[in-house]
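# Topology and contacts: notes
Okay, here's what each chain looks like letter by letter:
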Amino acid sequence: MATRIDKEACRDAYNLVRDDSSDICWASFKYDGSTIVPGGHGSDYEEFKSQCTDDARLFGFVRITTGDAMSKRAKFTLITWIGENISGLQRAKISTDKTLVKDIVQNFAKEFMISDPRELEEDYLRNELKKAGGANYDAQAE
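Anyway, here's the lowdown on the structure attached to this text. (Residues numbered from 1 in each chain as written. Predicted model: local features only at pLDDT ≥ 70, side-chain atom pairs only at ≥ 80, totals over all residues. Heavy atoms only, no water.)

We now examine the packing of aromatic side chains. Counting across every chain of the model gives six aromatic pairs. Judged by centre distance (6.3 Å) and plane angle (45°), the rings of Y31 and F59 are tilted. Of the two residues, Y31 is situated in strand β2 (residues 26–32) and F59 in strand β4 (residues 57–67); the sequence distance between them amounts to 28 residues. Pair check on accessibility: Y31 and F59 agree, each one buried. Seen in terms of ring centroids, F61 and F76 are 5.4 Å apart; in terms of plane orientation they differ by 5°. Their pairing is stacked. Taken together, the residues F61 in strand β4 and F76 in strand β5 (residues 72–82) connect sequence positions 15 residues apart. Take F61 and F76: they sit in the same class, and that class is buried. An aromatic cluster of three or more residues is present, and its members are Y14, F61 and F76. The ring of F76 carries the charged tip of R18 above its face, separated from the ring centre by 4.6 Å. When the ring centre of Y31 is taken as reference, the NZ or CZ atom of R57 above it lies at 3.7 Å. (Phe/Tyr/Trp six-rings, centres within 6.5 Å; stacked < 30°, edge-to-face > 60°. Helix = DSSP H or I, 4+ residues; strand = E, 2+ residues; numbered from the N terminus. Buried < 20%, exposed > 50% of the residue type's maximum accessible area, 1.4 Å probe, protein only. Lys NZ or Arg CZ within 6 Å of the ring centre and 35° of its normal.)

Dropping the structure here:
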């Protein structure tokens, strides 16, 4: 059965994270049968990480603040989480299903495919986003 996506509900969750006046910093998109639906959103990144279990496969759209004391910038990332207990067929299918999510989640600085919980650490993601951003003009601490 072909995977579908609830475009309106997922777009609403995506826009909550993009909204600068909102404190929402993440939204997840999970499978409900063969349909991708919003899996939640919140202002605490730890809540998102708690959804990333060994039995889960989901997508996350996350806002991470980068910069230094003089300049803060919001950067966005698309995370594909594939738990260790996900079957080979489901692992392969998530790659094609990601195109449905990308029809809605269009603006992000970097994309991650993660199955190791250590790679979900916010500092790791922030450093990877800084690398992807090109020149780094942060104040140097020496």
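This part is about the side chain of T80. Of note, T80 is situated in strand β5. Judged by relative accessible area, which is 0%, T80 ranks as buried. Not counting chain neighbours up to four residues away, the residues in contact with T80 comprise L58, F59, I94, K98, F112, M113 and I114. (Contact = heavy atoms within 4.5 Å.)

Each strand in a sheet pairs with its neighbour through backbone hydrogen bonds, running either in the same direction (parallel) or in the opposite one (antiparallel). Strands sit in the order β1-β3-β2-β4-β5-β6 across an open sheet of six strands; the sheet is mixed. The strands lining the two open edges of the sheet, one partner per strand, are β1 (4–5) and β6 (110–114). Examined bridge by bridge, β4 and β5 share eleven bridges and lie antiparallel to one another. Its bridge partner lying in β5, V62 is registered against T77. Sitting on the sheet, helix α3 (residues 88–102) touches β1, β2, β3 (35–42), β4, β5 and β6, and the angle it makes with β4 is about 55°. On the sheet, helix α4 (residues 122–132) packs against β4, β5 and β6 and is oriented at approximately 140° with respect to β6. (Pairing = 2+ DSSP bridges. Axes fitted to C-alpha atoms, helices over the stretch in contact; angles between N-to-C directions.)

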